[in-house]
Amino acid sequence: FNSWDRDSLDTYRKQDGLAMTLADLEHVQRYFRDQEKRDPRETELKVLDTYWSDHCRHTTFETKIESLEIEHGPWKESIHNAWLEYQQVREDLNRQKKPSTLMDLATLAAKEMRSKGELDDLEISEEINACSVKIDVTVDDKKEPWLLMFKNETHNHPTEIEPFGGASTCIGGAIRDPLSGRSYVYQAMRVTGSGDPRAELEDTIPGKLPQKVITRGAARGYSSYGNQIGLATSLVKEIYHPGYQAKRMEVGAVVGAVPQDWVRRESPVPGDIVLLLGGKTGRDGCGGATGSSKAHTEDSLMSCGAEVQKGNAPEERKIQRLFRNPELTKLIKKCNDFGAGGVSVAIGELSDGLTIDLDQVPVKYLGLNGTELAISESQERMAVVVEPQHVSNFILLAKKENLECLKVAEVTGENRLTMTWKGQTLVDLDRTFLDTNGVRSSIDVKILSPQENENPFLRNISGKDRSEQFINNLKELNVASQKGLGEMFDASIGKGTVFMPYGGKNQLSESEASAHKLPVLHGETQTCSIMGHGYNPEISSWSPYHGSLYAVVESITRLAAMGGDWQKSRLSFQEYFQRMTSKEIWGQPLAALLGALQIQRQWKAPAIGGKDSMSGSFGDIHVPPTLISFAVCTGEADKLTSSEFQQDGSYLYLLRHTPKEDLTPDSAQLQDNFNYLDQLRSKGNVLSAMSIKEGGVAEVLFKAAVGNGLGVEANLEDWAFNREFGSILFESSKKLEDSRLIFIGRTNGSGTFIINGKSLTRKNALKNWKEPLAKVFHDLKDQKEELLEQIIQEHKAPH
């Protein structure tokens, strides 16, 4: 290896399917030739490839930005000012000597707030597997200090290859991150991206599974795992865009919590023991991290199946139960979950000096070699650091939950990671070299200008009059009912769900966000956690800069509409972009993160975590520029507002957001609107509220009404179908007078929609809303009604 020339190295890299770059491999060659003075072992190369993969070490996000060019256009000044703002914050924080990177940009708002003492609720520790904030939980009128943890996770690559397994291990992986922080995970939501699932089989792209097969299989996989483990999933949303044919987007987001005094955060010291807790190891998942870092080809479907992990929800449930025991959690100094990279990363990250005995790793079956043991991503495992005197007690407590627990490694005083197997040393790497994460690349970036003659906030809905437009709007794929999809998930287990996914007596009004009471072990609490999301592919495709601004706005607007403490929102981002192959493509995530930085600073709502996936390409098809914002806050369950209209004769008002001239959000206006809504709510003047979504005011009028079988009488203007993100429609029993309010109409008890004077029956509107996805995800209630009608007709029963 050390004597190979550049061409030979590149040939080996391609033949062995390594994810690292040629420059990385040359870096490895120099290290072994000059420092170790030996050739590398096969396992060492595989471990390095895994450790340095984009999935594990965010190598794309760590690429140095050498220069920025912004294409001339009407938005050049806005984007340029965002870049200057970023550089000014770096200067204020004395970070000029550190390279400008996407990672630096993504994490800068939180660093700035910490420096100003504005982020004192953030938990700071070496364990950074999930976002973690300190909160007070009121239990029987007494306040208790807790840690609230949340995390979003993608499994785009495995779900595209094997939908059921990929999606099931998506939620499993999301759970493991806050679980490794000792929190009990009790709340989940799912946001996915798909091509049109109604497409004909013969239109399937060669080398791909049909979109219907992927989306159905993924839904079954995610719900199967969540339902088995007992996790309430109270918001499920699928976003349809042709770009997601390149690679599906599978995102799970979860919330967990734990009393603060249950958790130790201590650095391992020489002599400490690493225990492997949970499931056994198999070949499933070998190469998953590196596979997730690559774009797909026509061969991926046939060659990448082994990279998909095999989930085991009951095993992870045992770990959840075990970590619900403070006697055990207080023994843990540090913990890491087994995800991408397996033993090499999960254990390898715990300390600078480690000796790992791969012979002690329990296996599912015989025949695994040392390399497979080192990099297998078999799930439902935890790596736990305990002091030597606590090993026996820890193993005994684990055994009571029928969990296997074995000593597999020891912390050493040397700055090296070593692994042995069958008396041989397979890995012996200097930590300093391992932590270089390969060769940092550099790039020149160009941000393209959005099209001047396009306005993605405007929607053109066909129809000869407003009432026909109202019906046609309900048929739009990203407006249509997804209740059949949502019914596949258990939303109520655990007794903490505040609002069902579809509310009202008919369970038809979409919930605004996911809200759950904290899982206290004694007494009663009204303290709840609320999670909302935001992202629109049409705006983001037009301008990733604007797309991220409105993703954050939309996610916080959902919290405000529900009545959560939106002023203390904490964010986590999910970035998903095409393969970075040119400076113009690099401009997409850079523009998105510049917008995200601006809006975080305006709202003092920092992103304290996130996940990036930069491989959404298949030939000449690419995922739309994707930055999903997940916003989390707390609230009081008995003071929250649901989304469905409550009564006949109510007044309906719009708190409308008017974007600035450059189409960016007016944060000052939005915050004033949200404060005003809170004031109205405190006076009992808000019966229900829902934020404006893809289908505009018209969509919300319908969805808020059908939950309780109410109708609406309203006169709609052209803009009622536009993407009015940041605006909130609310119901009041009183007639209100305020310049900030636009009167939209009133509810009626007949269930009739009277749009600009023309009546539409509730039954017809529901039929048109449910029809687009009826054959993809079946509404259980509709199925039962259809079956009953069929039986009646067949038997001609008079009753």
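What you see is a predicted model; the values in this text were computed from it and never measured.

Colleague: Explain the sheet that holds strand β11 (residues 405-411) here, please?
Modeller: Note: strands within a sheet are paired through backbone hydrogen bonds, in either parallel or antiparallel orientation. Taking strand neighbours across the sheet as the criterion, the seven strands line up as β8-β10-β7-β11-β9-β12-β13 in an open arrangement whose pairing is mixed. Every other strand in the sheet has two partners, leaving β8 (334-337) and β13 (424-430) as the edge strands with one partner each. Direction aside, the axes of adjacent strands within the sheet are offset by 20° on average. Its contacts with the sheet place helix α3 (residues 42-51) against β12 (416-421) and β13, and it is angled at close to 45° to β13.

Colleague: Sorry, what's going on with the state of the cysteines here?
Modeller: Should the sulfur atoms of two cysteines be covalently bonded, the bond is a disulfide. Enumeration according to the criterion identifies zero disulfides in this entry. Note on C170: no disulfide assigned, nearest cysteine sulfur contributed by C131 at a separation of 15 Å. You can call C170 buried: its relative accessible area is 0%. The cysteine C633 is free of any disulfide, with C528 supplying the nearest cysteine sulfur at 7.8 Å.

Colleague: Whenever I open this one, the environment of I728 confuses me. Can you help?
Modeller: Within the element layout of this structure, I728 appears in strand β27 (residues 728-732). Take I728: its relative accessible area is 0%, and that puts it in the buried class. Setting aside its immediate chain neighbours within four residues, I728 contacts T557, A560, A561, Y653, L654, L655, F674, L677, A689, M690, S691 and I692.

Colleague: Explain the pattern of salt bridges here, please?
Modeller: In total, this model carries 54 salt bridges according to the counting rule given. Taking the shortest distance from any N to any O, the salt bridge between E26 and R6 comes out at 2.9 Å. Here the residue E26 occupies a position in helix α2 (residues 22-36), and R6 occupies one in helix α1 (residues 6-15), the gap between them amounting to 20 residues. In this structure, K693 and E512 form a salt bridge, with 2.9 Å as the shortest nitrogen-oxygen distance. Pair noted here: K693 is in the loop between β25 (688-691) and α24 (696-706) and E512 is in the loop between β16 (509-510) and β17 (514-517), with a separation of 181 residues, a long-range link. Accessibility expressed as a relative area gives 7% for K693, which makes it buried. A network of salt bridges, in which partner residues are shared, links E36, R38, R41, E44, R416 and D428.

Calculation criteria
- Residues numbered from 1 in each chain as written.
- Predicted model: local features only at pLDDT ≥ 70, side-chain atom pairs only at ≥ 80, totals over all residues.
- Heavy atoms only, no water.
- Pairing = 2+ DSSP bridges.
- Helix = DSSP H or I, 4+ residues; strand = E, 2+ residues; numbered from the N terminus.
- Axes fitted to C-alpha atoms, helices over the stretch in contact; angles between N-to-C directions.
- Contact = heavy atoms within 4.5 Å.
- Disulfide = S-S within 2.5 Å.
- Buried < 20%, exposed > 50% of the residue type's maximum accessible area, 1.4 Å probe, protein only.
- Salt bridge = Lys/Arg side-chain N within 4 Å of Asp/Glu carboxyl O.

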